[in-house]
Amino acid sequence: MEKAKNKVANWTRFHRKFGGHVRQLRNGREFTQEVLAERCDLSVDAIRRIERGSFSPSLDTLGKLSVGLDVSLKTLFQGFEHERTGDVAEICDFLSCRSDPEVKLARRVLQAMFEDS
């Protein structure tokens with residue numbers, strides 16, 4: 001049960017971080033929420049909820065945000081990823097130099113190690 005609570009907390013932080021990123025993009029273009037909503041063909045309430053992190057946008061909505069902000073989907077997510085601790089970053093760096101079969105094996109080993117925890 002504790003594991004499930006941690007996942008929910010992580011997703012909540014993820015949504016808030018994405019919402020803050022959308023707000024930065026909007027403010028950088030000097031758009032109000034109303035202007036962005038009109039440009040995206042979304043409601044102002046949807047923009048507010050996205051920016052607060054209380055709404056998980058669908059792929060369709062992400063596409064509309066991309067159009068409204070005049071950025072690619074890649075740019076919409078650029079610089080936006082889960083923050084990694086030093087150890088996690090080192091593991092990712094280590095795995096990035098490995099072959100696909102080695103990465104798949106490492107993933108299976110890690111999953112098996114933490115399945116019951």
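Residues numbered from 1 in each chain as written. Predicted model: local features only at pLDDT ≥ 70, side-chain atom pairs only at ≥ 80, totals over all residues. Heavy atoms only, no water.

Time to look at the environment of Ser-43. Position of Ser-43 relative to the elements: it lies in the loop between helix H2 (33-40) and helix H3 (44-52). The sequence separation of Ser-43 and Gln-33 amounts to 10 residues, and the corresponding C-alpha distance is 9.3 Å. Within polar-contact distance, the side chain of Ser-43 engages the backbone nitrogen of Ala-46 at 2.9 Å. (Helix = DSSP H or I, 4+ residues; strand = E, 2+ residues; numbered from the N terminus. Polar contact = N/O pair within 3.5 Å; in protein donor to acceptor, adjacent residues only side chain to side chain.)

Before going further, it helps to spend a moment on the packing of H2 against helix H4 (residues 59-69). The N-to-C vectors of H2 and H4 enclose an angle of 115°; their axes lie 8 Å apart at closest approach. The angle between H2 and H4 places the two elements in the roughly perpendicular class. Considering only the axes of H2 and H4, their crossing is right-handed. Note on element contacts: H4 touches H2 through Lys-64, Leu-65, Val-67, Gly-68 and Leu-69, opposite Leu-36, Arg-39 and Cys-40. (Axes fitted to C-alpha atoms, helices over the stretch in contact; angles between N-to-C directions. Parallel < 35°, antiparallel > 145°, perpendicular 65-115°, else oblique. Left-handed = near helix turned anticlockwise from the far one by under 90°. Contact = heavy atoms within 4.5 Å.)

Here we come to the side chain of Glu-51. Mapped onto the fold, Glu-51 is located in helix H3. Take Glu-51: its relative accessible area is 2%, and that puts it in the buried class. (Buried < 20%, exposed > 50% of the residue type's maximum accessible area, 1.4 Å probe, protein only.)

Further remarks concern the environment of Leu-25. Here Leu-25 is to be found in helix H1 (residues 2-28). A C-alpha to C-alpha distance of 8.3 Å links Leu-25 and Leu-76, two positions 51 residues apart in sequence. If we skip the residues at most four places from it in the chain, Leu-25 touches Leu-69 and Leu-76.

On to the confidence of the model for the chain. On average, the chain scores 86 in pLDDT, and the residues at 70 or more come to 84%. Taken element by element, the predicted model of the chain shows its lowest mean pLDDT in helix H6 (residues 86-96) (78) and its highest in H2 (98). (pLDDT = per-residue confidence, 0-100.)

Attention now goes to H2. Where H2 is concerned, the buried positions are Gln-33, Leu-36, Ala-37 and Cys-40. Viewed along the axis of H2, the buried residues span an arc of 100°, placing them on a single side of the element. Phi turns positive, to about 60°, at Asp-41, one or two residues after H2. (Arc of directions from axis to C-beta.)

What follows is about a nonpolar patch on the surface. Judged by side-chain polarity, Leu-105, Val-109, Leu-110, Met-113 and Phe-114 come together as a nonpolar surface patch covering roughly 470 Å² of accessible area. As for its position among the elements, Met-113 is in helix H7 (residues 100-114). Classification of Met-113 by relative accessible area gives exposed; the value is 54%. (Patch = residues over 30% accessible without salt bridge, like charges linked within 9 Å, V, L, I, M, F, W, Y side chains within 5 Å. Areas by Shrake-Rupley, 256 points an atom, 1.4 Å probe, with all protein chains shown as cover. Salt bridge = Lys/Arg side-chain N within 4 Å of Asp/Glu carboxyl O.)

In this structure, Phe-18, Leu-36, Leu-65 and Leu-76 are the most contacted members of the largest nonpolar core, which totals 16 residues. Secondary-structure elements contributing two or more residues to this core are H1, H2, H3 and H4. What Leu-76 contacts, discounting residues up to four positions off in sequence, is Phe-18, His-21, Val-22, Leu-25, Leu-62, Leu-65, Ser-66, Leu-69 and Val-71. (Core = buried A, V, L, I, M, F, W, Y, C linked by side-chain atoms within 4.5 Å.)

This part covers the packing of H2 against H3. Two elements in contact, H2 and H3, have axes separated by 8 Å at closest approach and are oriented at 110°. Here H2 is positioned roughly perpendicular relative to H3, judged by the angle of their axes. The two elements H2 and H3 cross, and the hand of that crossing is right-handed. Touching Gln-33, Glu-34, Leu-36 and Ala-37 of H2 are Val-44, Ile-47, Arg-48 and Glu-51, all from H3. Across the contact of H2 with H3, the residue classes tally to 4 nonpolar, 1 polar and 3 charged. (Nonpolar A, V, L, I, M, F, W, Y, C, P; charged D, E, K, R; others polar.)

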